[in-house]
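Structural characterization, general
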Amino acid sequence: MTQDELKRAVGEAAAAYIRPKLDKDSIVGVGTGSTANCFIDALAQDKFLFAGAVASSEATAQRLRDHGIEVFDLNNVGKLDFYIDGADEVNRNLELIKGGGAALTREKIVAAVAREFICIADETKMVERLGKFPLPVEVIPMARSYVARELVKLGGNPVYREGVVTDNGGQILDVYDLFVDSAIGMENRINHITGVITNGLFARRAADVLLLGTQKGVRTLT
Ligand code: 5RP
């Protein structure tokens, strides 16, 4: 199977995973990226089984609406049963690096609200230790150089993702060569730098379930 076929398989597996738990009041949190898009396409077949969705980006909101799925403002939603999203890296503790698509802040907010966070990924994303994928850090634009200098003190090599403005008006630094021994420790340390909006380590709120696309089928890891 190609990587795209694995992404499609986990997207369909995620739709099948939540299907029996959906009811007419359910709201589904939806992530961003090519794997999340596969989930959206599979979810569309079940659109009459649930109330609607909360989107982690403008791009995802548009794709959901294109499928006829109602998109709610998170502020108007009391309870979110599920959040389904892809990842750039995932380890055995289901800690993640996310933000390759620059949607990390909204993704982290929706994940924080959701009762169950289901990560969907193909097997190329599974790693022993997080950090080979450059860690995205969203920053307030005027703080970018200051934050970059602080990230160098942590051992990283930040690179400005030029031309990218996030849905929140932020900018992205991609941090290479970070040694992430403790994902929670590093997530906290970076979030304490003034001017950081958030960083792409999802360890304080890791995934609850990983649906991993492999050549032998979709594996469920908890
Ligand atoms: C977007 C993300 C994505 O989940 C991550 O980049 C994976 O993307 P893809 O499914 O396209 O490989 O965090 O901000």
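Structure: see above.
These remarks concern the structure in this document. (Residues numbered from 1 in each chain as written. Predicted model: local features only at pLDDT ≥ 70, side-chain atom pairs only at ≥ 80, totals over all residues. Heavy atoms only, no water.)

Here we look at the sheet that holds strand β1 (residues 27-30)
Put simply, the test is: Strand pairing requires that DSSP identify at least two bridges connecting the strands. What counts as a helix is a DSSP run of H or I of at least four residues, what counts as a strand is a run of E of at least two, and both are numbered from the N terminus. Between N-to-C directions, angles cover 0 to 180 degrees, with each direction set by a line fitted to C-alpha atoms, over the stretch in contact for helices.
Reading across from one edge, β2-β1-β3-β6-β12-β13 is the order of the six strands in this open sheet, with mixed pairing throughout. Each edge of the sheet is formed by a strand with only one pairing partner; in this case those strands are β2 (52-55) and β13 (217-221). Strand-to-strand twist of the sheet, defined as the mean angle between neighbouring strand axes without regard to direction, takes the value 20 degrees. Where β1 lies against β2, four bridges are found, and the strand directions are parallel.

Let's talk about the site of the ligand
Definition in use: If a single non-hydrogen atom of a residue is within 4 Å of a molecule or strand, that residue counts as near it. For the purposes of these results, a polar contact is taken to be a pair of N or O atoms within 3.5 Å, where, inside protein, one atom must be able to donate a hydrogen and its partner to accept one; residues adjacent in sequence count only when each atom of the pair is a side-chain atom. Areas reported as accessible are Shrake-Rupley estimates using a 1.4 Å probe. Residue values count occlusion only from the protein chains shown.
Residues in contact with the ligand amount to 17 residues; listed here are only the nearest, Ser34, Thr35, Asp88, Gly99 and Lys125. One of the side-chain N or O atoms of Lys98 is found 2.9 Å from an oxygen atom in the ligand. Within the backbone of Gly99, one N or O atom sits 2.8 Å away from an oxygen atom of the ligand. Its free accessible area being 380 Å², the ligand has 91% of it covered by the protein chains.

Some words on the side chain of Lys7
The cut-off we apply is this: Note on contacts: a residue pair qualifies if any of its non-hydrogen atoms lie within 4.5 Å across the two residues.
Its location among the elements puts Lys7 in helix α1 (residues 3-18). Sequence-distant contacts of Lys7, defined by excluding residues within four places in its chain, comprise Ser34, Thr35, Cys38 and Asp122.

Description of the environment of Thr198
Put simply, the test is: Note on exposure labels: buried denotes an accessible area under 20% of the residue type's maximum, exposed denotes more than 50%, and partly exposed covers the range between, all computed with a 1.4 Å probe on protein chains only.
By the secondary structure assignment, Thr198 is in strand β10 (residues 196-199). Classification of Thr198 as buried rests on a relative accessible area of 6%. Once the C-alpha coordinates of Thr198 and Glu138 are considered, the two residues, 60 residues apart in sequence, prove to be 5.5 Å apart. For Thr198, the contacting residues outside a window of four places in its chain are Leu104, Thr105, Lys108, Val137, Glu138 and Asn191.

That is the geometry; function is a separate question.
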